[in-house]
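Structural overview for review
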Amino acid sequence: KAFSVKLTKKEEVEGLPDSALALAAQMAQGKGDKDATPENGPWLFTLDMPSYLPLQQHAKDRALREKMYNAFLTRASESSKNDE
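Residues numbered from 1 in each chain as written. Predicted model: local features only at pLDDT ≥ 70, side-chain atom pairs only at ≥ 80, totals over all residues. Heavy atoms only, no water.

A closer look at the environment of leucine 7
Following the sequence through the fold, leucine 7 ends up in strand S1 (residues 4–7). Here the alpha-carbon distance between leucine 7 and leucine 44, two residues 37 residues apart in the chain, equals 6.4 Å. For leucine 7, the contacting residues outside a window of four places in its chain are Glu12, Val13, Pro42, Trp43, Phe45 and Leu64. (Helix = DSSP H or I, 4+ residues; strand = E, 2+ residues; numbered from the N terminus. Contact = heavy atoms within 4.5 Å.)

As for the packing of aromatic side chains
All chains considered together, the criterion is met by 1 aromatic pair. Residues tyrosine 52 and phenylalanine 72 carry aromatic rings whose centres are separated by 4.4 Å and whose planes lie at 15 degrees to one another, so their mutual orientation is stacked. Placement of tyrosine 52 in helix H2 (residues 49–58) and of phenylalanine 72 in helix H3 (residues 62–83) is noted, with a sequence separation of 20 residues between them. (Phe/Tyr/Trp six-rings, centres within 6.5 Å; stacked < 30°, edge-to-face > 60°.)

Structural notes on the pairing of strand S2 (residues 43–46)
Because side chains alternate across S2, one face comprises the buried residues Trp43 and Phe45, and the other comprises Leu44 and Thr46, equally buried. Of the pairings in the sheet, the one linking S1 to S2 comprises 4 bridges and is antiparallel in character. Opposite valine 5, over in S2, you have phenylalanine 45 as the bridge partner. (Buried < 20%, exposed > 50% of the residue type's maximum accessible area, 1.4 Å probe, protein only. Pairing = 2+ DSSP bridges.)

A closer look at the side chain of threonine 46
By the element assignment, threonine 46 lies in strand S2. In this structure threonine 46 comes out as buried when scored by relative accessible area, which is 9%. Among the polar contacts listed, one links the side chain of threonine 46 to the backbone nitrogen of aspartate 48, at a separation of 3.3 Å. Those residues within four positions of threonine 46 in sequence are excluded, and the remaining contacts are Phe3, Ser4, Met27, Ser51, Tyr52 and Met68. (Polar contact = N/O pair within 3.5 Å; in protein donor to acceptor, adjacent residues only side chain to side chain.)

A word on helix H1 (residues 18–30)
Here H1 is 13 residues long and its end C-alpha atoms lie 18 Å apart, about the 18 Å a rise of 1.5 Å per residue gives. Among the structural elements, S2 and H2 are those in contact with the buried residues of H1. Two residues or fewer past H1, glycine 32 is found with a positive phi of approximately 110 degrees. (Expected span 1.5 Å × (residues − 1).)

Overview of the nonpolar core
Ranked by internal contacts, the top residues of the largest apolar core, which has 20 residues, are Leu7, Val13, Leu16, Trp43, Phe45, Leu55 and Met68. Every element with two or more residues in this core is listed here: S1, H1, S2, H2 and H3. Once you skip the residues sitting within four places of it in the chain, leucine 16 turns out to touch Leu21, Phe45, Pro54, Leu55, His58 and Ala59. (Core = buried A, V, L, I, M, F, W, Y, C linked by side-chain atoms within 4.5 Å.)

Quick look at the pattern of salt bridges
Between side chains of opposite charge, pairing is possible as soon as their charged atoms come close. For the structure shown, the criterion picks out 1 salt bridge. With a shortest N-O distance of 3.1 Å, lysine 6 and aspartate 33 are connected by a salt bridge. Here the residue lysine 6 occupies a position in strand S1, and aspartate 33 occupies one in the loop between H1 and S2, the gap between them amounting to 27 residues. Overall, lysine 6 belongs to the partly exposed group, its relative accessible area being 47%. (Salt bridge = Lys/Arg side-chain N within 4 Å of Asp/Glu carboxyl O.)

This is the structure we're talking about:
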């Protein structure tokens, strides 16, 4: 649950539905960005499905989708190191 991506530019969230932006702004607020709004950001995305899935389905930024996908694939192997 440690992985997250904070986005600050509107171009980075292009294509995302309003509901995903609202959730991401709320998450950013929870992490200390008190002025975060769905319209202007910043937006915080994690590997939790309500955050991850809309980004993978709708984000126009291919590099961002790839970054999130790679983090999603490696999350189990990283957490197993902490289980020992």
